[in-house]
Amino acid sequence: MIEKIKDFLGFDIKAEKYKLSSDPQFGIISDEKKPDKWVFSTCGYCGVGCGLYIGVKDGKAVYTKGNPKHDVNMGTLCPKGLSEHQLINSPERVTKPLIKLNGKLTPSTWDKTYSKVAEEFKRIAKEHGDKAVGVISTGQLLTEEFYTLGKFVQLGLGTNNYDGNTTLCMASAVMGYKQSLGSDGPVGSYEDFEKADVIILIGANISDNHPILKLHIAKNKKKPKIIVIDPRASKTSQMADMYIPIKPRSDLALFNGLAYIIMEQGWENEGYISANTNGYKELKKHLQNYPPQEVANITGIDVKTLYEIARQFAVNDAVLSAWTMGVNQSFMGTDTVSSIINIHLLTGHIGREGAGPFSITGQCNAMGTRESGFTSSLPGYRNFGDMSTAQEYADIVKVPLEIIPTERGYKYAEIIDAIDRGEIKALWVVATNPLVSFVNQEKLRSTLEKLDLLVVQDAFMSDTAEVADVVFAAATWGEKEGTYTNSERRCNRANKAVEPIGEAKSDFDIILEFSKYFDGVNELLFSHWKKPVDAFNEWKEVSRGQLCDYSGISYELLEKQGGVQWPCNEQRPLGTKRLYSPDMPFKTNDKKAKLLCVDWFPMAEAVNSEFPLILNTGRTVEQWHTRTKTRSIDILNDLAPEAWVDINPSDALKLKVKSGDRISLSSARGIVKDVLVRVTQSVAPSTVFVPFHFNTQLINNLTAESFCPKSGEPNFKQTAVQLHSDKVPEGLEFEEQEISGVISHIKTKYEGIKVKVKEMS
Ligand code: SF4
């Protein structure tokens, strides 16, 4: 009572709560949370891959501190990293395996849960074939777990319909690297941000999404020129020397236009081109369709500025082009990536310090899933259908050649379509939450209802877990061990700090135990495997000699070095900073990169009288993806508690709204109500921006099923929408704009596209 009175009167300064203490490793820290030990690890959120320590007190994670000696983050963490320990004890953790009984998810034993799923998988495979089981995983597991999962799914269950949520973010980069350079694999290194003369950030809001990368730019002694190309004046644009507000989805035309200017002006690097590339003549002819004025019309960037950007490649020693979702999440994402690579090949800005095309990865281990085998390749970037590499893989893992898949399976969206058609009957979803993250949510929800069995393996009760038939209770970051590989190919060590909560198990243990419910599978694939290091050791052999060569990496080396960039082997015992330096040829048959003729196309869903605005979606620094990990962390939710919509002042005026009001958004797919208005110049008139994290304002109710045909990545970034305010419920009028930017040889017609107007309820 006395304490309460003191508190009420303001006399209680909470001396005990805020008391400080001295820690031998980190100096002054909170006394209340002073850990018994610090555990070396790596952040489990984004692809930056920050090194950190987890503070453990009385068997619980109580602290997260950046590792000052780690090359990636030099001791700094973003708000998510700083509060990461809190996710372990989230009230939304799944602590026991669950089986749906009478419509309700009910705790069960692991044995009953595995038995039920195994019996159903076997029944479905018998009645409809092995490929009637589909798997959608994530970029959140450890590499050891990805390798184990991929091996079990492809060789044990015998289905190649296995993709990951990485197709929602990085697939276009994967396919762009493959078609231009012969293999997936990010070219650059964070050190390139420190060495470049010019840094071009394209569709990359690193301030929100990869904030720690700014430290590397700050370390650049040359004070590089920073060019930010983005339709939205994001936080990142505020650090630009040149901010270029490009028209939505015109990036491919821009890069073709820049290549045209480089060739027209003779700014290309002839020596590099003839020694290292193919396709120059064809590209030169093709680019005649992209003269500067035409490109200016398409992109909204004036001709003088186009020449100025192109000139940077000619007058500087090292130009770095980094991109993220603004490029990848496009219906022509793969070709846009190739158009960026084209410029770097033409000018020789690749494979050198500070120079290169560089995709920045979204999730902590999106690289792990790409490397260790899923829908687009066998483990170690081995292509499907190449029988000699299939035999090599079979020999290493000691399985019959016949069980190695010979062709790629369905991509993420194709898996969903196959469920809709009744071809896939069971879906196993691992550490991802399609019921927030995928496009056209209403359709997805009704598609998932067609399944005979939906299994979700997750650490949190996600929106997708809530509708599952079975939930495998998984451990999360800090409760398990292995490795993550970040955007710059740096393999980092993640250690176990605490025991998994309740009866949850690591994904590695779940897969191994589950495999025992299939006759002979565990013995064939995982004989003598007990710990993640067993998977890691096999993965090292499987990757040996491949571009993503881990054969020289050990857990000890990772802790000693603060991560190692692959390829790492006998020739490169401490790893490799950047790919395709003069001693590393491209991974094509003739060892040369391909200059590719790629075309820009107008958007399939153009703005129209019903839906006259373009919706752009993205992220905010305080939240993580669909918030399964972050929605119970107070500080993050205090900072970003709900979605908002950025609206240009001129549109706000017409809609009679101001910041703080509420508004609805609609598209041909659905409606999202009660979204907070933020009036801002950061978006152009007739465009709006909404973060996609929030299930309370589920913005993917609006997004369309439009995908890159090569990568399968959804075109999340441009959706035709209408806004409905209380005072102007009918929304904005469509303003005819001058038709511009029709490339003469492209026959695609985009006028008159029919959109079904959904009744608003
Ligand atoms: Fe974690 Fe990414 Fe933040 Fe670093 S920048 S602390 S890796 S979320």
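Residues numbered from 1 in each chain as written. Predicted model: local features only at pLDDT ≥ 70, side-chain atom pairs only at ≥ 80, totals over all residues. Heavy atoms only, no water.

1. What to know about the nonpolar core
Turning to step 1, where the next piece is worked out: In this structure, F121, W428, F472 and F514 are the most contacted members of the largest nonpolar core, which totals 153 residues.
Turning to step 2, where the next piece is worked out: Among the elements that line this core, the one with the most residues is helix α9 (residues 251-264), at ten residues.
Turning to step 3, where the next piece is worked out: In this structure W428 touches F121, G134, V135, I136, L149, F152, V153, L157, V455, Q457, F472 and F514, once residues within four positions along its chain are discounted.
Turning to step 4, where the next piece is worked out: In terms of nonpolar packing, the next biggest core, distinct from the first, is built from 42 residues, C50, L87, I199 and C364 among them. (Core = buried A, V, L, I, M, F, W, Y, C linked by side-chain atoms within 4.5 Å. Buried < 20%, exposed > 50% of the residue type's maximum accessible area, 1.4 Å probe, protein only. Helix = DSSP H or I, 4+ residues; strand = E, 2+ residues; numbered from the N terminus. Contact = heavy atoms within 4.5 Å.)

2. As for unusual backbone geometry
Turning to step 1, where the next piece is worked out: Each neighbour pair has its own omega, and for W566 with P567 the value is 0°, a cis peptide bond.
Turning to step 2, where the next piece is worked out: The topology assignment puts P567 in the loop between β21 (564-565) and β22 (593-594).
Turning to step 3, where the next piece is worked out: The phi angle at R489 is positive, at roughly 65°, despite the residue not being glycine.
Turning to step 4, where the next piece is worked out: The residue R489 is located in the loop between β19 (482-485) and β20 (490-494) in this model.
Turning to step 5, where the next piece is worked out: Within the chain, H528 stands out as a residue other than glycine whose phi angle is a positive 70°.
Turning to step 6, where the next piece is worked out: Checked against the element boundaries, H528 lands in the loop between α23 (521-526) and α24 (532-543).
Turning to step 7, where the next piece is worked out: Take H528: its relative accessible area is 70%, and that puts it in the exposed class.

3. Topic: the site of the ligand
Turning to step 1, where the next piece is worked out: Taken together, the neighbourhood of the ligand is formed by C43, Y45, C46, G49, C50, L77, C78, K80, G81, P211 and I212.
Turning to step 2, where the next piece is worked out: Considering only residue class, the shell around the ligand consists of eight nonpolar, two polar and one charged. (Near = heavy atom within 4 Å. Nonpolar A, V, L, I, M, F, W, Y, C, P; charged D, E, K, R; others polar.)

4. Quick notes on the layout of surface pockets
The rolling of a water-molecule-sized probe over the atoms marks out the regions of remaining empty space.
Turning to step 1, where the next piece is worked out: By volume, the second largest pocket is sized at about 410 Å³.
Turning to step 2, where the next piece is worked out: Taken together, the residues of the lining of the second largest pocket break down into two nonpolar, nine polar and eight charged. (1 Å grid on protein atoms, 1.4 Å probe; cavity = no way out; pocket = protein on both sides within 12 Å on 5 of 7 lines; lining within 4 Å. Points joined across faces, edges and corners; volume = space filled by probe spheres on them.)

5. A short note on the side chain of T143
Turning to step 1, where the next piece is worked out: As for its placement among the helices and strands, T143 is situated in helix α4 (residues 143-157).
Turning to step 2, where the next piece is worked out: Using a relative accessible area of 0% as the deciding quantity, one classes T143 as buried.
Turning to step 3, where the next piece is worked out: The contact partners of T143, leaving out residues within four places of it in the chain, are N365, G368, T483, T485 and W539.

6. Describing the packing of aromatic side chains
Turning to step 1, where the next piece is worked out: The full count for this structure, using the stated rule, is 33 aromatic pairs.
Turning to step 2, where the next piece is worked out: A ring pair is formed by F40 and Y53, whose centres lie 5.8 Å apart and whose planes are at 90°; its orientation type is edge-to-face. Of this pair, F40 sits in strand β3 (residues 37-42) while Y53 sits in strand β4 (residues 51-57), placing them 13 residues apart in sequence.
Turning to step 3, where the next piece is worked out: With centroids separated by 6.0 Å and ring planes inclined at 70°, the aromatic side chains of Y381 and W566 adopt a geometry described as edge-to-face. Placement of the pair is Y381 in the loop between α16 (366-371) and α17 (387-397) and W566 in the loop between β21 and β22, with a sequence separation of 185 residues.
Turning to step 4, where the next piece is worked out: Among the residues examined, W566 registers a relative accessible area of 0% and is labelled buried.
Turning to step 5, where the next piece is worked out: These aromatic residues form a ring-pair network of at least three members: W110, Y114, F121, F152, W428, F472, F514, Y517 and F518.
Turning to step 6, where the next piece is worked out: Taking the ring centre of Y555 as reference, the NZ or CZ of R493 above it sits at 3.8 Å. (Phe/Tyr/Trp six-rings, centres within 6.5 Å; stacked < 30°, edge-to-face > 60°. Lys NZ or Arg CZ within 6 Å of the ring centre and 35° of its normal.)

7. Describing the pairing of strand β23 (residues 613-618)
Turning to step 1, where the next piece is worked out: Burial analysis of β23 places six of its six residues in the buried class, which makes it a mostly covered element.
Turning to step 2, where the next piece is worked out: The alternating pattern of β23 places L613, L615 and T617 on one face and I614, N616 and G618 on the opposite face, and all of these are buried.
Turning to step 3, where the next piece is worked out: Two elements, β23 and strand β27 (residues 687-691), share five bridges in a ladder whose sense is parallel. Residue pairing across strands places G618 opposite P691, the latter belonging to β27. (Pairing = 2+ DSSP bridges.)

8. Observations concerning the packing of helix α5 (residues 171-181) against helix α15 (residues 333-347)
Turning to step 1, where the next piece is worked out: Where α5 meets α15, the axes come as close as 8 Å, and the angle between the chain directions of the two elements is 50°. Taken together, the axis directions place α5 and α15 in an arrangement best described as oblique. Once α5 is placed against α15, the crossing between them reads as right-handed. In this structure, α5 contributes S172, A173, M175, G176, Y177, Q179, S180 and L181 to the contact, and α15 contributes G333, T334, D335, V337, S338, I341 and L345.
Turning to step 2, where the next piece is worked out: Among the residues forming the contact of α5 with α15, the class breakdown is seven nonpolar, seven polar and one charged. (Axes fitted to C-alpha atoms, helices over the stretch in contact; angles between N-to-C directions. Parallel < 35°, antiparallel > 145°, perpendicular 65-115°, else oblique. Left-handed = near helix turned anticlockwise from the far one by under 90°.)

9. A closer look at the sheet that holds strand β8 (residues 133-137)
Turning to step 1, where the next piece is worked out: The strand order across the open sheet built from seven strands is β7-β6-β18-β17-β16-β8-β9, with neighbouring strands paired in mixed fashion. In this open sheet, the two edge strands, each paired with only one partner strand, are β7 (104-107) and β9 (162-164). Strand-to-strand twist across the sheet, computed as the mean angle between neighbouring axes with direction ignored, equals 20°.
Turning to step 2, where the next piece is worked out: Where strand β17 (residues 453-458) and strand β18 (residues 470-473) come together, four bridges link them in parallel fashion. What sits directly across from D458, in β18, is A473.
Turning to step 3, where the next piece is worked out: Running over the sheet, helix α3 (residues 110-128) touches β6 (98-101), β8, β16 (426-430), β17 and β18 and is turned about 130° from β18.

10. Here's the deal with the confidence of the model for the protein
Turning to step 1, where the next piece is worked out: Taken residue by residue, the protein gives an average pLDDT of 93. The fraction at 70 or more is 97%.
Turning to step 2, where the next piece is worked out: With pLDDT under 50 throughout, residues 745-761 is counted as low confidence; its partners more than four residues away or in other chains account for 33 contacts. (pLDDT = per-residue confidence, 0-100.)

11. Concerning the side chain of T464
Turning to step 1, where the next piece is worked out: On the secondary structure map, T464 appears in helix α21 (residues 463-466).
Turning to step 2, where the next piece is worked out: Ignoring any residue separated from it by four or fewer positions in sequence, one finds T464 in contact with T432, N433, P434, L435, L454 and V456.

12. Here's the deal with the sheet that holds strand β11 (residues 225-229)
Turning to step 1, where the next piece is worked out: Here we have five strands laid out as an open sheet, ordered β12-β11-β10-β14-β15, and parallel in their pairing. Strand pairing shows two members of the sheet lacking a second neighbour, β12 (242-244) and β15 (356-359), which therefore form its edges. The sheet shows a mean angle of 15° between the axes of neighbouring strands, direction not considered.
Turning to step 2, where the next piece is worked out: Direction of pairing for strand β10 (residues 198-202) relative to β11: parallel, over a ladder of five bridges. Counted as the bridge partner of I199 is I226 from β11.
Turning to step 3, where the next piece is worked out: In the packing of α5 onto the sheet, contacts are made with β14 (319-323) and β15, and the angle to β15 comes to roughly 150°.
Turning to step 4, where the next piece is worked out: Where α15 meets the sheet, it contacts β10, β14 and β15, and its direction lies at approximately 175° from that of β14.

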